[in-house]
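Fold and contact review
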Amino acid sequence: MPFISRNIQAAHRLTQCRWLSLGDRFNVENCIRTLTESAKIRSISLPPELEQQVATMSSKTAMLTRQTTKWLLASKQPKYEAQQSASLMRWDRSIIEGLQDIVSLLEDQLKPVVEAELSLLVDILYRSELLFPAGTEARKRCESGGFIRKLIKHTEKLLEEKEERMCVKVLRTLREMMAIDVNYGEKGDALRQTLLLRYFQSKSTPRLLEEEVPLLAAPLADTAKQHHLVTHGPGAKYLQRAGKTLHEMQNHLDREGASDLVVELVIKSVHSPNIFVEAVELGIALLEGGNPIIQKDTFQKFLSDDLNQAFFKVFFEKMKDAQQEIKSTVTVNTTDIAAKAHEHKQDANLELDKISRKHGLKSNGVVITEELKRELHNAGLATARAYGNARNIHSGEESSAISVNSPLEDILAEKLEKHKDSREQRNQLSNKVLVMQPILRFLQLLCENHNPDMQNLLRNQNNKTINNLVSETLMFLDCICGSTTGGLGLLGLYINEHNVALINQTLEALTEYCQGPCHENQNCIATHESNGLDIITALILNNINPLGENRMDLVLELKNNASKLLLAIMESRGDSENAERILYNMNPKQLVEVACKAYHQEELIDEQDDGDEPDAGSDDDDATVSPREVGHNIYILCHQLAQHNKELAGLLKASEDPQSASFDAKTSQALMYYATHTAQIEIVRNDRTLEQIVFPIPEICEYLTTDTKIKILNTAERDDQGSKVADFFDKAEEMFNEMKWQKKLRSQPLLFWISSYMSLWSNILFNCVVVINMIVAFFYPFDNTVPGKTIELSPHISLLFWIITICSLVIVITLPRESGIRTFIGSVILRFIFLLGPESTLCLLGVVTVTLKSVHIVSIMGNKGTLEKQLIKIITDFQLLYHCIYIAFCFCGLIFHPFFYSLLLFDVVYREETLVNVIRSVTRNGRSIVLTAVLALILVYLFSIIGYMFFKDDFLVSVDFEEQDNASPPAIPLTLSVPVSKDACAAPDEMGNCPAAKAVAPPSAGGGDVKERSCDSLVMCIVTTLNQGLRNGGGIGDILRAPSSKEGLFVARVIYDLLFFFIVIIIVLNLIFGVIIDTFADLRSEKQQKEAILKTTCFICSLNRSAFDNKTVSFEEHIKSEHNMWHYLYFIVLVKVKDPTEFTGPESYVYAMVKAGILEWFPRLRAMSLAAADADGEQIELRSMQAQLLDTQLLIKNLSTQLHELKDHMTEQRKQKQRLGLLNTTAHSLLPFQ
């Protein structure tokens, strides 16, 4: 808010202080008026509430001034009479001011209580069944809506009985049932509670508990409950007193006949203006938010020809009457205005001359301009009034000069105020014109949310007499903007504060007629014989003064609505007819300048706000449209029109080229801002046609982090057709939540700063862990002595360390690069190791590691908004769980043992995608690997059983005994297997083996290997086969005793060894290795394929790069401008944050698709640029074929002409031959006679 606005607010709050004396209050009020007039002169807009407060204060002061002026005129009477009445006048004035203060104070205190009492009627209508005892017939009827139904039917009878006042009261009450809850304060709520208990606790009804009434008496008690019930759009607002949403309340009243009542009253109340207006207002309340159910019911009523003809005829005639009223009353002429302004200026100068002559003032030769004279005049009058009145109040005696001059100043002020009041009265609109605002709002709501049936019905009712309300609304816009007088450049003379709201409503209604799109209404507006398009264009291009000098916010809103209307006229059209009509009388350069001017106007406002101190009341300005937003809409209009105008397209592109002759720094800055904050996408409509949408990027989209973009781009999964749209669409809600959290994070500077460097903390932490493990590896076990003291470093090495430290420090200070910083930190750590010792340095680095990891976890939680999530989601968050385990190992290494730090090196797997793929190569096909391993275990188990049954004596494993100091070898019995023959065995068994081997004492140090039996039990046999068989390259045969070829089981042993080698070692183990290697190869090929797809395929439409070869649009331009994946996300966010009643036709279509989770609106293997190129190619081919056809036609024509000539020639020859033949025959016939 500007500085002057805050001063005025502070001064107004000062006037409310009770300790302020009357004289001081009067001075403060004069100061407020002076500041307000200065703000208007300098075109500084004030908040509407502040203007209303100043106007109220000024009206009270003006009334007092007029009364005081009459009293002060008595100063012209003789001196003795003035002295007698002076004291009485002062007392009278004090009494009047005191009474006015008392009345205003009582009004401020009692107004909420009175409003609370009057609101009870609506609460009783909400719960009318509580007026009757439970179980009675009356209560049942009220519960089913019978009371409201009777009330609505009774309203029609009130109109027939000409009970106008009662009818208006009922209509207002029905409208208040759909009003948003009002906070009446503590006193008001307490009064409502008491009165409701009185109403609902009559003698005939059982006593109600107080818990049953809070729904009615405390509308804003449970804010949290109300918040989660409100979803999206005006219709979803929750009415706490009614216990329903606005949409549900509208439907309830519609079922009881409220919409029927509106239609009937509109038709029958032609001669009752008050009832007509209230009926239309009730219709507006019923349709607020574009209730589709009521729209459909109303349309069904209009299917009757007689009803819709009578209904729309009323509005048609009202529009005609309003136009006629404007033409007859608003007769503005520039000559009259100039003459009146000059006359007013002369009157003011004459009054000033009179005052100066009274004071005896003389000219001092200073040249004063008219503007300076006007400012001095206003300031002088205000100062003189304030000083004179202060002297009158504080002193009982008056000087003769003041007693003479104060009445004259008051008279002058009264004259100026009368002139101002008369001018405002001339600008006031009559009731016939004012009624157009609710009418246009009602018609707009009938078409809200792009209702095509009602849009077409407003234009054509299919009756004998058609009441075209679309064209009539456009003619009304022409009329109220003054185009009937023939001057588009004189808009400022017709548009003022009194009619600008009506003009805005007209523009909004026309916009709603067209959006959807409704091509017929678009054509109706664009091709109308009036100056409709010219007026709309003029509203955008022209400076609307003097309104723009005082209320620039109103002018900006007007330009914003006008630009939206032009965009609606061109919406979803495949042709260029309407765009060419708009461009016909438009100057492209001027349109671009208007957009750039709005941008720089926003900069000026921002600079003023930066210069001022922040104020809590500055939030009031957010309700108005910002200049930059208006300029952005005009830029989008330029973007759409540039497709049909080369000059406009050149102006938009000229800002990108600094070498261009038309380059302007300010214009380039504005256009560059608009270009970076504007996006375009292509969507597929229901009829499978492609449509381009240009839209402003929502502000919240700026909070999407780069890390998230990279992650989504690289991890989005493709479907069977290679499209990533499905996965991208599923993650849109997650990204939207991240945007909202990041926006909230900006309000916490410390947490935002920590979260912004999340990757930096991770890199520093990993380097620190590497350094810690290097210290452990080189210096463990740590000695209690400090190496620097026990082992003296040579002077050369010490000097080298210092040189490296100093050089790296210089590099870090002058050129802060990553390599220099690492060198400096490494040299400092080395100095710490040799100064403090490795153990102390390790403890210091451990503390640093714990601190950095804590900061890293905080940054992760800050970026992801962990604390805002549910507890179950926080616990199941794998990333957060991983980092918590990480910091636990950091504490273990710091407190228990430094070897725990070695586990932290596994973080490299988490950081590097290649190593993650290595792990995935095992885990991706983990089930296959596990099943193959189970098969290997089964085979080992079977081979162990066979070995135990037949070859357990061959399981001799070489062992080495652990050496023990000062102790003899263990006295445990060992067996040494020695090759023996059958003859040497006393009693060989049936298998030919010796049942027991001789126990032999351990050989001496110079003897053979010590071997041990390892298959005396099946468990030991399984363990030996599993351990030794799988680890040896040749299988289990490598560790078994080599049998003699003369042994009986020699062949079986060979087969046993070979089967184990082929089945277990070669087949099974290689199966496991093959699965892992193939998986890793698949992952690598998938990664390469993914990178290739990202480089050569469009993310949205899946078109290949080759499809754009030799086309007007390159592949890079296509993925950057036409099918930018982030633009589609921004559009999804736009339809989520935008008010549904403000949707354009394409936005409504996409919103419905997003809500239903349908992806058909994404283009698939299609692009408008390719379609245009193909169309151009087809056109060229068609033209060439047409040219060939024309050539062929000419050739055929020539050939036919030649054929006709040849035919004629042959006919002539034939005739000549016939004549010759006839002559010859005659000659021969005559010869015999000769």
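Relevant structure appears above.
Reading guide: rules and limits
- Residues numbered from 1 in each chain as written.
- Predicted model: local features only at pLDDT ≥ 70, side-chain atom pairs only at ≥ 80, totals over all residues.
- Heavy atoms only, no water.
- Helix = DSSP H or I, 4+ residues; strand = E, 2+ residues; numbered from the N terminus.
- Buried < 20%, exposed > 50% of the residue type's maximum accessible area, 1.4 Å probe, protein only.
- Areas by Shrake-Rupley, 256 points an atom, 1.4 Å probe, with all protein chains shown as cover.
- Salt bridge = Lys/Arg side-chain N within 4 Å of Asp/Glu carboxyl O.
- Polar contact = N/O pair within 3.5 Å; in protein donor to acceptor, adjacent residues only side chain to side chain.
- Phe/Tyr/Trp six-rings, centres within 6.5 Å; stacked < 30°, edge-to-face > 60°.
- Lys NZ or Arg CZ within 6 Å of the ring centre and 35° of its normal.
- Core = buried A, V, L, I, M, F, W, Y, C linked by side-chain atoms within 4.5 Å.
- Contact = heavy atoms within 4.5 Å.
- Arc of directions from axis to C-beta.
- Disulfide = S-S within 2.5 Å.

In this section: the overall build of the protein. Looking only at helices and strands, the protein features 53 helices and six strands. Going through the 1234 residues of the protein one by one, you find that 39% of them count as buried. Here the protein displays about 69,800 Å² of accessible surface, and carbon together with sulfur accounts for 58% of that area.

One pass over the structure, following the stated rule, counts 27 salt bridges. Lysine 268 is the partner of glutamate 264 in a salt bridge, and the nearest nitrogen-oxygen pair spans 3.6 Å. With glutamate 264 and lysine 268 both in helix 13 (residues 258-268), this residue pair falls four residues apart, about one helical turn. Judged by its relative accessible area of 47%, lysine 268 falls in the partly exposed class. Measuring nitrogen to oxygen at the nearest pair gives 2.7 Å for the salt bridge that ties arginine 1013 to aspartate 953. Here arginine 1013 is found in strand 6 (residues 1011-1013), whereas its partner aspartate 953 is found in the loop between helix 47 (926-950) and strand 5 (956-958), with 60 residues between them in sequence. Judged by relative accessible area, which is 23%, aspartate 953 ranks as partly exposed.

Turning to the side chain of asparagine 863, a few remarks are in order. The topology assignment puts asparagine 863 in helix 42 (residues 838-864). A polar contact is formed between the side chain of asparagine 863 and the side chain of glutamine 742, at a distance of 3.2 Å.

So, on to unusual backbone geometry. In this structure, proline 517 follows glycine 516 across a cis peptide bond, with omega equal to 5°. Mapped onto the secondary structure, proline 517 falls in the loop between helix 24 (500-514) and helix 25 (519-526). Of note, the bond from asparagine 545 into proline 546 is cis; its omega dihedral lies within 30 degrees of zero at 10°. Among the secondary structure elements, proline 546 is positioned in the loop between helix 26 (532-541) and helix 27 (547-550). Although it is not a glycine, lysine 162 adopts a positive phi angle of roughly 60°. If you trace the backbone, lysine 162 turns up in the loop between helix 7 (146-160) and helix 8 (164-176). For lysine 162, a relative accessible area of 74% puts it in the exposed group. Although it is not a glycine, serine 572 sits at a positive phi angle of roughly 55°.

Quick look at the packing of aromatic side chains now. Under the definition given, this model contains 31 aromatic pairs. Measuring from ring centre to ring centre gives 5.1 Å for phenylalanine 302 and phenylalanine 312, while their planes differ by 55°; the resulting arrangement is tilted. Here phenylalanine 312 lies in helix 16 (residues 305-329) and phenylalanine 302 lies in the loop between helix 15 (292-301) and helix 16, a separation of 10 residues in the sequence. For the pair shown, phenylalanine 302 and phenylalanine 312 are each scored as buried. Relative to tyrosine 1151, the ring of phenylalanine 1143 has its centre 5.3 Å away and its plane inclined at 50°; by these criteria the two rings are tilted. Residue tyrosine 1151 is classed as partly exposed on the basis of its relative accessible area, which comes to 22%. Grouped by ring-pair contacts, the aromatic residues Phe276, Phe302, Phe311, Phe312, Phe315 and Phe442 constitute a single cluster. The side chain of lysine 318 reaches across the aromatic face of phenylalanine 276, ending 4.6 Å from its centre.

This next bit is on the environment of alanine 138. For alanine 138, the location among the structural elements is in helix 6 (residues 137-143). A sequence separation of 10 residues divides alanine 138 from serine 128, and the C-alpha atoms of the two residues are 9.9 Å apart.

It is worth spelling out the nonpolar core at this point. By size, the foremost hydrophobic cluster in this structure holds 123 residues, and its most contacted members are Phe442 and Leu641. If we skip the residues at most four places from it in the chain, leucine 641 touches Met570, Ala579, Ile582, Leu583, Met586, Leu591 and Leu648. Membership of the second largest hydrophobic core comes to 45 residues, among which are Phe736, Met739, Trp1126 and Tyr1128.

What follows covers helix 50 (residues 1115-1122). Of the positions making up helix 50, those classed as buried are Phe1115, His1118 and Glu1122. Around the axis of helix 50, the buried residues are gathered within 80° of arc, so they sit on the same side.

In this section: the environment of phenylalanine 766. By secondary structure assignment, the location of phenylalanine 766 is in helix 38 (residues 758-779). Along the primary structure phenylalanine 766 and aspartate 907 are separated by 141 residues, whereas in three dimensions their C-alpha atoms are 7.6 Å apart. When residues no more than four places from it in sequence are discounted, the contact partners of phenylalanine 766 are Asp907, Val908 and Arg911.

The next point concerns the state of the cysteines. Considering all chains together, one arrives at one disulfide under this definition. With its sulfur 2.4 Å from that of its partner, cysteine 1015 forms a disulfide with cysteine 1021. The disulfide joining cysteine 1015 to cysteine 1021 has a torsion of about -80° about its S-S bond and is therefore left-handed. Here the two residues cysteine 1015 and cysteine 1021 agree in accessibility, since each one is buried. Lacking any disulfide linkage, cysteine 524 is separated from the closest cysteine sulfur, that of cysteine 514, by 8.6 Å. Judged by its relative accessible area of 14%, cysteine 524 is buried.

These values are about where atoms sit, not about what they do.
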